[in-house]
Amino acid sequence: MNYVNPMKPSERMKLPRQASIEQIAEERNKNFNEVSAGLDEARALIEAARCLECKNPVCIEGCPVTIDIRTFIQLIYKKDYIGAANKIREANYLPAICGRVCPQETQCEIVCTLGKKYEPVAIGKLERFVADYEITHNLFVPPVITNHIDKKVAVVGSGPAGITCAAELAKIGYKVTIFEALHGLGGVLRYGIPEFRLPREILDTEMERVRQLGVEIYKNFVVGRTASIDELFNEWGFEAIFLGTGAGTPTFMGIPGESLSGVYSANEYLTRINLMKAYQFPDSDTPIKVGKEVAVIGGGNTAMDAVRTSLRLGAKKAYLIYRRSRKEMPAREEEVHHAEQEGVEFMMLTNPTRIIADGNNWVSGIECQKMELGEPDESGRRKPIAIKGSEFIVPVQTVIEAVGQKPNPIIQTTTDGLNVSKWGTIVVNDVQLTSREGIFAGGDLTRGGATVILAMRDGKIAAEAIHKYLSEKPDADTKVK
Amino acid sequence: MYPIVAKEILSPTITKYEIKAPFIAKKRKAGNFVMLRIVEDGERIPITLVDSDSNAGTITLIVQAIGKTTKLLATKNVGDSILDVVGPLGVPTPIELHGQVVCIGGGVGTAEVYPIARALKDAGNTIFSIVGARSKDLIILEKEMGQISKEIYVTTDDGSYGRKGIVTDPLKDLLDANKDIHAVYAIGPLPMMKAVANLTKTYGTKTLVSLNAIMVDGTGMCGGCRVSIGGKMKFACVDGPEFDAHLVDFDELIMRNRTYVDLEKIADERCKLTPSIVALAGGVK
Ligand SMILES: Cc1cc2nc3c(=O)[nH]c(=O)nc-3n(C[C@H](O)[C@H](O)[C@H](O)COP(=O)(O)OP(=O)(O)OC[C@H]3O[C@@H](n4cnc5c(N)ncnc54)[C@H](O)[C@@H]3O)c2cc1C
Ligand SMILES: Cc1cc2nc3c(=O)[nH]c(=O)nc-3n(C[C@H](O)[C@H](O)[C@H](O)COP(=O)(O)OP(=O)(O)OC[C@H]3O[C@@H](n4cnc5c(N)ncnc54)[C@H](O)[C@@H]3O)c2cc1C
Ligand code: SF4
Ligand code: SF4
Ligand code: FES
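Just so we're clear, the structure is a prediction, and the values are computed from it rather than from any experiment. (Residues numbered from 1 in each chain as written. Chains lettered and ligands numbered in written order. Predicted model: local features only at pLDDT ≥ 70, side-chain atom pairs only at ≥ 80, totals over all residues. Heavy atoms only, no water.)

To continue, consider the domain arrangement of chain A. Residues and elements named next belong to chain A. By the assigned domains, chain A splits into domain 1 (9-136), domain 2 (152-248 + 406-472) and domain 3 (252-403). On a C-alpha basis, the centres of domain 2 and domain 3 stand 30 Å from each other. Taken residue by residue, the interface counts 12 residues in domain 2 and 14 residues in domain 3. Summed over both sides, the interface between domain 2 and domain 3 buries roughly 1,100 Å², with carbon and sulfur atoms accounting for 52% of that surface. Among the residues of domain 2 in contact with domain 3, Tyr 191, Phe 196 and Arg 197 are the three that bury the most area, contributing 50% of the side total. Counting every contact that joins domain 2 to domain 3 gives two salt bridges. (Domains from an automatic or database assignment. Contact = heavy atoms within 4.5 Å. Buried area = accessible area lost by both parts, 1.4 Å probe. Salt bridge = Lys/Arg side-chain N within 4 Å of Asp/Glu carboxyl O.)

Let's shift gears to the site of ligand 3. All names here are of chain A. Around ligand 3, a shell composed of 13 residues is seen, among which Cys 63, Cys 102, Gln 104, Cys 108 and Glu 127 lie nearest. When residues in the shell around ligand 3 are grouped by element, the largest group, three residues, is from helix H9 (residues 123-136). Along the lines of polarity and charge, the residues of the shell around ligand 3 split into nine nonpolar, three polar and one charged. (Near = heavy atom within 4 Å. Helix = DSSP H or I, 4+ residues; strand = E, 2+ residues; numbered from the N terminus. Nonpolar A, V, L, I, M, F, W, Y, C, P; charged D, E, K, R; others polar.)

All names here are of chain B. With respect to the helices and strands, the residue Val 63 is situated in strand S6 (residues 58-64). On a C-alpha basis, the gap between Val 63 and Val 108 in space is 7.1 Å, while along the polypeptide they are 45 residues apart. Residue contacts for Val 63: discarding those within four places in its chain leaves Thr 13, Ile 14, Thr 15, Tyr 17, Ile 47, Thr 70, Leu 73 and Val 108.

Take the interface of chain A and chain B next. Facing 48 residues of chain A, the contacting portion of chain B comprises 41 residues. Counting each side, the surface lost to burial between chain A and chain B is near 3,800 Å², with a carbon and sulfur contribution of 54%. The largest share of the area that chain A buries against chain B comes from Asn 220, Arg 225 and Asp 285 of chain A, three residues that together contribute 18% of it. Counting across the chain A and chain B interface gives five salt bridges. Residue Lys 289 of chain A pairs with Asp 262 of chain B through a salt bridge whose shortest N-O separation is 2.8 Å. Counting across the interface, chain A meets chain B through 21 residue pairs in polar contact (both at pLDDT 80 or more). When contributions to the side of chain A that touches chain B are tallied by element, the ones reaching two or more residues are strand S7 (249-250), strand S8 (263-265) and helix H14 (266-275) of chain A. (Polar contact = N/O pair within 3.5 Å; in protein donor to acceptor, adjacent residues only side chain to side chain.)

Moving on, we come to unusual backbone geometry. Note the cis peptide between Phe 281 of chain A and Pro 282 of chain A, where omega equals 5°. As for its placement among the helices and strands, Pro 282 of chain A is situated in the loop between H14 and strand S9 (293-297). For the peptide bond that leads from Gly 240 of chain B to Pro 241 of chain B, omega is 10°, which places it in the cis range. In this fold, Pro 241 of chain B is placed in the loop between helix H7 (236-239) and strand S17 (242-244). Its identity is not glycine, yet Glu 53 of chain A carries a phi of approximately 50°, on the positive side. Relative to the helices and strands, Glu 53 of chain A is located in the loop between helix H3 (41-50) and helix H4 (58-62). Glu 53 of chain A gets classed as buried once you look at its relative accessible area, which sits at 2%. (Buried < 20%, exposed > 50% of the residue type's maximum accessible area, 1.4 Å probe, protein only.)

Our focus in this paragraph is the nonpolar core. Soluble globular proteins tend to pack their nonpolar side chains together in the buried interior. Residues and elements named next belong to chain A. Ile 69, Phe 72, Ile 76, Ile 97, Val 215 and Ile 466 are the most contacted members of the largest nonpolar core, which totals 76 residues. Top element by residues in this core is helix H19 (residues 452-472). It accounts for 10 residues. Here this core gathers at least three residues from each of two domains, domain 1 (9-136) and domain 2 (152-248 + 406-472). In contact with Ile 466, other than residues within four places in its own chain, are Val 153, Cys 165, Leu 169, Ala 240, Phe 242 and Phe 440. (Core = buried A, V, L, I, M, F, W, Y, C linked by side-chain atoms within 4.5 Å.)

Moving on, we get to helix H6 (residues 81-91) of chain A. Most of H6 of chain A sits out of view: eight of its 11 residues are buried. Taken together, the buried positions of H6 of chain A are Tyr 81, Gly 83, Ala 84, Ala 85, Lys 87, Ile 88, Arg 89 and Ala 91 of chain A.

Take the site of ligand 1 next. All names here are of chain A. For ligand 1, the set of nearby residues contains 35 residues, the closest of which are Val 101, Ala 161, Glu 180, Arg 197 and Asp 444. One of the backbone nitrogen or oxygen atoms of Ala 181 is found 3.1 Å away from a nitrogen atom of ligand 1. One of the backbone N or O atoms of Val 452 is found 3.0 Å from an oxygen atom in ligand 1. For ligand 1, whose free accessible area comes to 1,000 Å², the fraction covered by protein is 96%. Counting only elements with at least two residues in the shell around ligand 1, the list comes to helix H10 (160-172), helix H15 (301-312) and H19. Looking at side-chain class alone, the shell around ligand 1 contains 18 nonpolar, 12 polar and five charged residues. Looking at the shell around ligand 1, you find at least three residues from each of domain 2 (152-248 + 406-472) and domain 3 (252-403). (Areas by Shrake-Rupley, 256 points an atom, 1.4 Å probe, with all protein chains shown as cover.)

The full count for this structure, using the stated rule, is 19 aromatic pairs over all chains. Seen in terms of ring centroids, Phe 221 of chain A and Phe 23 of chain B are 5.4 Å apart; in terms of plane orientation they differ by 65°. Their pairing is edge-to-face. Of this pair, Phe 221 of chain A sits in the loop between strand S5 (216-218) and helix H13 (229-234) while Phe 23 of chain B sits in helix H1 (residues 22-27), each in a different chain. The exposure class of Phe 23 of chain B is partly exposed, given its relative accessible area of 33%. Between Arg 89 of chain A and the ring centre of Tyr 93 of chain A, over which it is positioned, the NZ or CZ distance is 6.0 Å. Its guanidinium or amino end placed over the ring of Phe 140 of chain A, Arg 209 of chain A lies 4.0 Å from that ring's centre, counting from NZ or CZ. (Phe/Tyr/Trp six-rings, centres within 6.5 Å; stacked < 30°, edge-to-face > 60°. Lys NZ or Arg CZ within 6 Å of the ring centre and 35° of its normal.)

This is the structure we're talking about:
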């Protein structure tokens, strides 16, 4: 194992962790431009120099797709940015996306050796740096596919799971077709995650690269409706299918007042804004109404995105209502931090009990109850318990519920033989195979709400498993003869 | 892209379109709808699949121009294309043998009930139909409905055609006179469906309505189309759009559908500024 950086470990440790260049909070909470510009070259080089080039690079085990982090950082150190980008792409086809939205602090960075005593290497930011460098300098060269396998694989859903599976299979040489229900590609990356975290040009560029691998794409195609899974096998001639349809169906809390005008699921709210561009209304046609005061319920990434978007759409007050304490919030640390800077008011240990109407069937307030934390439950998190008589009313005109999602049942209910759990997720084995031959699945569809990088991991494992399955499967023709 | 292959004006505001969409044409069943988006940055709107021809690969839609998107569609001609068409969506109507059935269409709702009436007729039911509208020029598909019906009744609010009054008038007569009517299908404006539901409840006659909730995706992903059915939350696009009329909370839906009226007006005003739509808007009122 060779070192490329001549500095002594003690010198490296003295270098401070480099911060991204960011728009200032008071300005950015009024626009949809990207919050963070990432690291510039000078900062990226300092950050790369911090890496200890460990003999045992534990960071790699922390990454769900096992990117060779040590090597790509060494390549950055040597200013071989394209080499670094290609190194990452061996394991992860969409680095510009992961570098932005991956919860690094709980994955690769949490285990980084440097992090034991100092701050960990900013692995995610370095990943983003090389991906952006490649885009701005227009240096991407699509991998050359030399092997062509005359077998068709269908991928259902164009979220991170589906896109990754499709890219990996196309690189091996399969004929891959993606079916996507919406008119835009990317799944949550397009309709859920706002532009100020993931600009559309970046997403479009990454999606285009999948097309450049020769992947065929049908948009506006709802599998289970436009064609069933069995039709894809029997009439379209696909020999394996990967399901990456996500967990897109919103759940509601079931409190009184949820049918009032002004109450949205986070999905509807974000879809209107991100996919349908309602923030440009009336230059775009889809309307959205955001009150002066907005309450968002939940503590995940979805809630953070909804509440930060509300400020950008002109809300004077945006509350984040969460029934546990801040420590328990599942959102990425960076997003919570950004939300706070932008002026979101956090109401922790608070649980909504009903939504209140004005005379016109519009929301005028939300009644909440204070909570306290009791004993830890099965998940190990301390269970919130309502404090009797602590009800109070917050005046708001918009309520957005971000309290969880479950898989859309269209495919499960139109396909025989798929084993579905009581949460509506599809059951798979360790190589993402479902209970039916030739059908694989992954991402939020099998995990419930999870993360982009875990969806990609599933897509990658499934691609390997599909390759193995199709390589071993006797040819239909030869079987007949 | 989904090219328009035929277009026919049925009334000053209602137009029939045949659109090339082979996958949808092959799978369409009575009761299904599509979501369509005409241009980049346009809205996604739900429209019922009136008919399809799987050999020609075409679907038939009948659309009333009432706001920005539907008026924009009205400016499109044969040879033009629609950007996105998704479907067939929704749960198809369960086609059962009830015996005698009343099918009611109010305004452009007639276009939505027609495919159901036809499927019910093909399944061996006897159809009585009632077609209603505000005035004569909004009555559509009278001939087509007549062809599949034992009897057809026409009503207009202003008396400009058929019987003056609303669809519940002939419906009441039919239910009084005919004890063998076992089901009623009604599609039209919400107040009409509500009136039908209230009437048939007193007779205990099974009644189905198709709910025009405001939809965004049409695939169960946003929950914007949620309606209350027997006190339970359902998503109209995936659990419906048809529901048992006697369980529907019509008042709630009527209120919810008003959510964007002011913004819809802004969008509509805007489209009047678009030269190609001015001509049409002049004729529309
Ligand atoms: C608002 C929001 C913010 C988030 N922020 C982060 C973050 O910062 N970091 C992070 O790691 N994770 C984040 N997540 C979670 C992450 O986005 C998901 O875990 C991830 O997108 C799951 O990927 P997927 O491919 O399984 O599904 P999805 O991204 O949900 O994609 C599924 C796709 O399948 C399509 N589809 C569904 N049904 C059908 C059908 N029948 N036929 C055809 N197509 C169909 C859908 O339209 C969709 O495009 C966030 C989630 C949300 C909602
Ligand atoms: C399942 C279903 C089937 C339908 N079938 C037909 C049909 O066959 N022919 C037909 O002419 N109309 C049909 N409609 C109604 C049609 O969708 C609306 O007329 C259309 O969306 C109006 O859009 P606009 O921009 O022209 O008008 P706008 O000015 O935007 O809206 C006018 C009114 O239409 C309704 N509306 C607006 N946006 C939506 C939306 N995204 N989804 C649903 N309703 C909306 C609201 O009640 C609104 O007040 C159907 C609706 C549903 C839900
Ligand atoms: S993909 Fe995520 S976990 Fe893996 S190296 Fe990049 S930021 Fe870390
Ligand atoms: S664990 Fe940290 S310091 Fe060690 S190689 Fe990985 S990134 Fe570098
Ligand atoms: S239209 Fe979005 S869930 Fe029905």
